Amino acid sequence: YGQLFEDPQVRHRELVVYSEDPELGRVPHIRTPIRMSETAVAVRAVAPKLGEHNVDVLSSLGYSDAEIRDFAREGVI
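The rules behind the values
Residues numbered from 1 in each chain as written. Predicted model: local features only at pLDDT ≥ 70, side-chain atom pairs only at ≥ 80, totals over all residues. Heavy atoms only, no water. Phe/Tyr/Trp six-rings, centres within 6.5 Å; stacked < 30°, edge-to-face > 60°. Buried < 20%, exposed > 50% of the residue type's maximum accessible area, 1.4 Å probe, protein only. Lys NZ or Arg CZ within 6 Å of the ring centre and 35° of its normal.

**As for the packing of aromatic side chains**
Right, on to step 1. Inspection of every chain in the model, using the stated rule, returns two aromatic pairs.
Right, on to step 2. Ring geometry for tyrosine 1 and phenylalanine 5: centres 6.3 Å apart, planes at 20°, overall stacked.
Right, on to step 3. Residue classification places phenylalanine 5 among the buried positions, given a relative accessible area of 17%.
Right, on to step 4. Ring centres 5.2 Å apart and planes at 70° place the aromatic pair tyrosine 63 and phenylalanine 71 in the edge-to-face group.
Right, on to step 5. A cation over a ring is seen here: arginine 26 above tyrosine 18, with NZ or CZ 3.7 Å from the ring centre.

Rendered as structure tokens:
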């Protein structure tokens, strides 16, 4: 990653953009090299943490709150 973020072409094309993460602070990302305008598109959010959306996904699949709590208690999630 160090080489990627320091690459002269990446820097010249201003492909490195940043987003804020509550745990990690300012996180660099490489944006798409395709430009639709002169305005750089910001990264809206960092990738979700492992398990961050477990409840949402399992709920959408029809699992009850009690079942999800059981999964967590049993170490399934």
